[in-house]
Amino acid sequence: MNLLFTPFTLAGKELKNRFVFTPTTTSFATDNAEVTAKLADYYRQRAEGGVGTVIMEPGVVDPRGKLTPQSMGIFTEESVAALGGITKICKDNGVAVFIQLAHSGPRGRAAFLGEMPVSPSAIPFFKDEPVYELSKEDIGHVVESFVTAAVRAKQAGYDGVELHAAHGYLLSSFLSPIMNRRTDEYGGSNANRAKIVVDILKGIREKLGNDLILGVRFNGKEYGDQGLDTADAIELAGIFEAAGADVLHVSALEVEVPSLVGVAAIPATSAPGKDHQHGSFLDYARQVKKTVKIPVIAVGKLNHPEVAVPAKVNGDCDLVGLGRSLIADPNWPNKVKQGLLPDQCIYCNSCFKGIARGGLICAVNKELKAK
Ligand SMILES: Cc1cc2nc3c(=O)[nH]c(=O)nc-3n(C[C@H](O)[C@H](O)[C@H](O)COP(=O)(O)O)c2cc1C
């Protein structure tokens, strides 16, 4: 594992090691999407735990794009100061800090949005949740909201932003041949389905030049024969690279969740469970990595030396994403570096239940135990 504690330069920024805390929604913000002391402390613990890069959970770019009732937001001027407090904590610990920019799209719920969730086409994600199909004018507003959020991220001191174009949320639904059935320039070919992401990347570059590192997180494969496959993901990767992305984060939406079968159009999640192998998404990153020049982050049960170390040695990815390992034990990198055994995630996925019900919980981490 110590091979992974070597520095890496990403778009001119030196990262102290190869480990990246991948964005994980906590639902620790207020109902008005504001940062709380609990949320800031959660990131302080992870920044102190030895990880090289933190990609913070989604800052939603619009109140109508909340992922959960207590999603954190970056859609007001007031959010900049509180988020700046967190970026300072990360920087004081020598940790590079990104924020994921997100809009829930069809994965939102009218119950907490106060209005219908939106989507590229009138195809619901949840079978009981009708969605509003965005007009071209609406899409222009969505692009603007992402660009404005990136400007706020820069003001708050982030090294970079990651566009959340994975897991069935709004940008991901545009990329998906299942969810996007548009016949205008935003639908059809991979290039058309990627247009909204390309418009956002270019819009941010126009405003900020190279002052902010730009990442895109997307699915290397999504569940179902009609969904996006790895050949699509490879083509999309080239499109994002050409549009100015500095780093690609290859995730997937292909782990079937029994509780979503019959409920969701794509009954899948992004987090491999107990029965899934370590590194089960690594091949998607490997395939993307072969075709692009920019660095690639891989994710998905990569906390095992027999998977993570060969990934580095073979050059399958540049950076190793850790999600639940750092929920379970914020000191995971420091402990591994010292040859100590961290508290390990048991892949029960109770964390997901927590974020839907008012706050992240963890069966392993005592500080995050269910009350
Ligand atoms: C509770 C929880 C919340 C998550 N929230 C997000 C999110 O907001 N955005 C995102 O891109 N991925 C999210 N993920 C996915 C993780 O970033 C990561 O890709 C996934 O957990 C697989 O990595 P791991 O095996 O290291 O946990 C979430 C995962 C969990 C467990």
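Since we're looking at a predicted model, the values are computed, not measured.

Cut-offs and rules
Residues numbered from 1 in each chain as written. Predicted model: local features only at pLDDT ≥ 70, side-chain atom pairs only at ≥ 80, totals over all residues. Buried ≥ 20, exposed ≤ 12 C-beta atoms within 10 Å, placed from the backbone. Helix = DSSP H or I, 4+ residues; strand = E, 2+ residues; numbered from the N terminus. Contact = placed C-beta atoms within 7 Å. Axes fitted to C-alpha atoms, helices over the stretch in contact; angles between N-to-C directions. Parallel < 35°, antiparallel > 145°, perpendicular 65-115°, else oblique. Left-handed = near helix turned anticlockwise from the far one by under 90°. Nonpolar A, V, L, I, M, F, W, Y, C, P; charged D, E, K, R; others polar. Core = buried A, V, L, I, M, F, W, Y, C linked by C-beta atoms within 7 Å. Near = placed C-beta within 6 Å. Pairing = 2+ DSSP bridges.

A. Inspection of helix H9 (residues 282-289) at higher detail. Burial within H9 is extensive, with six of its eight residues counted as buried. Those residues of H9 not exposed but buried are Leu282, Tyr284, Ala285, Arg286, Val288 and Lys289. Looking at the buried positions of H9, the neighbouring elements they touch are strand E10 (213-222), helix H8 (230-242), strand E11 (247-253), strand E14 (296-298) and helix H10 (305-313).

B. Local environment of the packing of helix H1 (residues 37-48) against helix H2 (residues 79-92). At a minimum axis separation of 9 Å, H1 and H2 run at an interaxial angle of 15°. With respect to each other, H1 and H2 are oriented roughly parallel. Every pair of crossing elements has a handedness; the one defined by H1 and H2 is right-handed. Where H1 abuts H2, its residues Ala40, Tyr43, Arg44 and Ala47 lie against Gly85, Ile86, Ile89 and Cys90. For the contact of H1 with H2, the class distribution of residues is six nonpolar, one polar and one charged.

C. Region of interest: the environment of His304. For His304, the location among the structural elements is in the loop between E14 and H10. Sequence separation between His304 and Ala165 is 139 residues, and the spatial gap between their C-alpha atoms is 26 Å.

D. Summary view of the nonpolar core. Counting residues in hydrophobic clusters, the biggest one holds 112 residues, and the most contacted among them are Val197, Ala298 and Val320. Every residue in contact with Ala298, bar those within four places of it in the chain, is listed here: Val250, Phe281, Leu282, Ala285, Ala311, Asp316, Cys317, Val320 and Gly321.

E. Local environment of the site of the ligand. What surrounds the ligand is a group of 26 residues, the closest being Thr22, Thr25, Gly323, Arg324 and Cys351. No other element matches the three residues that helix H13 (residues 350-356) contributes to the shell around the ligand. Taken together, the residues that form the shell around the ligand break down as eleven nonpolar, eleven polar and four charged.

F. View of the environment of Arg152. Relative to the elements of secondary structure, Arg152 occurs in helix H4 (residues 136-155). With 22 C-beta atoms counted inside 10 Å, the residue Arg152 sits in the buried group. Apart from the residues lying within four places of it in its own chain, the contact partners of Arg152 are Ile74, Ser79 and Val80.

G. Summary view of the packing of H4 against helix H7 (residues 195-208). One can describe the packing of H4 onto H7 by two numbers: an axis separation of 9 Å at closest approach and a directional angle of 40°. In this view, H4 runs oblique relative to H7, as classed from their interaxial angle. The two elements H4 and H7 cross, and the hand of that crossing is right-handed. Facing H4, whose interface residues are Ile139, Val142, Val143, Phe146, Val147, Ala150, Val151 and Lys154, H7 presents Ile196, Asp199, Ile200, Gly203, Ile204, Lys207 and Leu208. Counted by class, the contact of H4 with H7 contains eleven nonpolar, one polar and three charged residues.

H. How the structure looks around unusual backbone geometry. For Ala11, which is not a glycine, the phi torsion comes out positive at approximately 45°. Tracing the backbone through its elements, the reader meets Ala11 in the loop between strand E1 (8-10) and strand E2 (13-15). Overall, Ala11 belongs to the partly exposed group, with 16 C-beta atoms counted inside 10 Å. Of note in the backbone geometry, Ser27 takes a positive phi value of approximately 60° without being a glycine.

I. Structural context of the pairing of strand E4 (residues 53-60). Among the eight residues in E4, eight count as buried, and that is most of the element. Judged from the two bridges that link them, strand E3 (residues 19-21) and E4 form a sheet pairing that is parallel. Considered in E4, the bridge of Phe21 is made with Val54. The pairing of E4 with strand E6 (residues 96-102) spans seven bridges and is classified as parallel. What sits directly across from Val54, in E6, is Val97. With two bridges joining them, E4 and strand E5 (residues 72-73) adopt parallel strand pairing. Bridged to Val60 within E5 is Gly73.

J. Here's a closer look at the pairing of strand E9 (residues 160-165). When you tally the buried positions in E9, you get six out of six residues, the bulk of the element. Side-chain alternation along E9 places Gly160, Glu162 and His164 on one buried face and Val161, Leu163 and Ala165 on a second face that is also buried. As paired elements, E6 and E9 share four bridges and run parallel to each other. Residue Gln100 lies in a different strand from E9, and its bridge partner there is Glu162. In this sheet, E10 lies alongside E9 in parallel orientation, the contact comprising six bridges. By the bridge assignment for E10, Glu162 is matched with Gly215.

Taken by themselves, the reported measurements are silent on function.
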